[in-house]
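Secondary and tertiary structure notes
The residues making up each chain are set out below.
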Amino acid sequence: MHLVQNFEASADAPRLPRAIGQLRVSSKMRDGTSCIDGLYSAGCARAVFPRRTDAVEAIVVNTSGGLTGGDSFDVDARAGRGSRLVITTQAAERAYRSTSGQARVRTKIAVEAEATMCWLPQELLIFEGATLDRRLEVDLSAKAAEFLMAEPIVLGRTAMREVIHDATFLDRISVRRGGRPVYEDRLSLTGDVQALLGQAATAGGMQAMASALYVGPRAEALLQQVRALLPATGGASLLRPDILVVRLLGRDGFMLRSALCPVLEALSGAVLPRSWRL
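The sections below set out a description of the structure shown in this document. (Residues numbered from 1 in each chain as written. Predicted model: local features only at pLDDT ≥ 70, side-chain atom pairs only at ≥ 80, totals over all residues. Heavy atoms only, no water.)

Re the environment of Thr-99
With respect to the helices, strands and loops of the structure, Thr-99 is situated in the loop between strand E8 (93–95) and strand E9 (103–111). Since its relative accessible area comes to 67%, Thr-99 is described here as exposed. (Helix = DSSP H or I, 4+ residues; strand = E, 2+ residues; numbered from the N terminus. Buried < 20%, exposed > 50% of the residue type's maximum accessible area, 1.4 Å probe, protein only.)

And the structure:
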């Protein structure tokens, strides 16, 4: 773990140490098989690679144990031409209470011609008092690039009857293909999140939610299959013949995952990463 520690010259007490993580990973095709092309990690960011024959699977690990005010975590991933890269996380990420500042997460993804990228992090668990600003930017080649994304979020620890009355979560997702925007999504949860989620027009009292996005040639053919897998608290729509969007609500993380996993396997055409099945 790499910690950057700052001290105020005139203050009696030091600032709390901040966790900084950087990860860059890329894949390429070699002898007809996807393999690692490049890997760099620094600070609290790590990646491990289970053996797979159909793709490069990278499991991202945050060795600091979570995110709090002042922390910064950056991921840069690239699927090289014709290769398949799957990125997930070791476990649910945790956004803890912040006493000062905000946690910052930035992810940049590039998918080259005829390549496939699956961005499948496990749940983000938001605690009371958390302050998190998260952004995901995706650049797809105009030539047969395929992309699957899932972003599950759980607000509060339902097993401990925790509710979120004071938190800030800003989430931005931007997807471009051939340099042109094809998908933009914004989520802003601030203040009394529990009251906001309790409204019928938002989450109807549910504490878990997920967005999934598939961009690729199978989108239109998958629509009815995905709809058949969803519970009453979910929905799926085509933005275009090759862009499929899924929204899902759950009472808790278990309910959310039970509904989400079959959908993701249908969209990816493969079993989920090993860490999802532990």
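Here's the deal with the packing of aromatic side chains
Considering all chains together, one arrives at 1 aromatic pair under this definition. Across from the ring centre of Tyr-40, 4.2 Å away, lies the NZ or CZ of Arg-24, which sits over that ring. (Phe/Tyr/Trp six-rings, centres within 6.5 Å; stacked < 30°, edge-to-face > 60°. Lys NZ or Arg CZ within 6 Å of the ring centre and 35° of its normal.)

Description of the state of the cysteines
Under the counting rule described, the total for this entry stands at 0 disulfides. Cys-261 takes part in no disulfide bond, and the closest cysteine sulfur, belonging to Cys-118, lies 14 Å away. (Disulfide = S-S within 2.5 Å.)

Concerning the side chain of Asp-171
Along the chain, the position of Asp-171 falls in strand E14 (residues 167–177). Side chain to side chain, Asp-171 and Arg-134 meet in a polar contact 2.9 Å long. Beyond its immediate sequence surroundings of up to four residues, Asp-171 is in contact with Arg-134, Asp-185, Arg-186 and Leu-187. (Polar contact = N/O pair within 3.5 Å; in protein donor to acceptor, adjacent residues only side chain to side chain. Contact = heavy atoms within 4.5 Å.)

Thoughts on the pairing of E14
Here strand E12 (residues 131–140) runs beside E14; their pairing, made up of 10 bridges, is parallel. From the neighbouring strand, Leu-140 faces E14, where its bridge partner is Arg-177. The sheet contact formed by E14 and strand E15 (residues 180–191) spans 11 bridges and is antiparallel. The residue of E15 that forms the bridge with Asp-171 is Leu-187. (Pairing = 2+ DSSP bridges.)

Concerning the layout of surface pockets
In this structure, the largest pocket occupies an estimated 440 Å³ of space. Lining the largest pocket are 29 residues, with Phe-73, Thr-89, Ala-91, Glu-93 and Pro-121 positioned closest to its centre. When contributions to the lining of the largest pocket are tallied by element, the ones reaching two or more residues are strand E5 (56–62), strand E6 (72–79), strand E7 (84–89), E8, E9, strand E10 (116–120) and E12. No other element matches the 4 residues that E12 contributes to the lining of the largest pocket. Across the lining of the largest pocket, the residue classes tally to 15 nonpolar, 8 polar and 6 charged. Size it by volume and the second largest pocket reaches roughly 350 Å³. Lining of the second largest pocket is provided by 19 residues; of these, Leu-187, Met-209, Ser-211, Arg-247 and Leu-249 occupy positions nearest its centre. Sorting the residues of the lining of the second largest pocket by element identifies strand E13 (146–155), E14, E15, helix H1 (193–197), strand E16 (208–215) and strand E18 (243–250) as the ones contributing at least two each. Top contributing element to the lining of the second largest pocket by residue count: E15, with 4 residues. (1 Å grid on protein atoms, 1.4 Å probe; cavity = no way out; pocket = protein on both sides within 12 Å on 5 of 7 lines; lining within 4 Å. Points joined across faces, edges and corners; volume = space filled by probe spheres on them. Nonpolar A, V, L, I, M, F, W, Y, C, P; charged D, E, K, R; others polar.)

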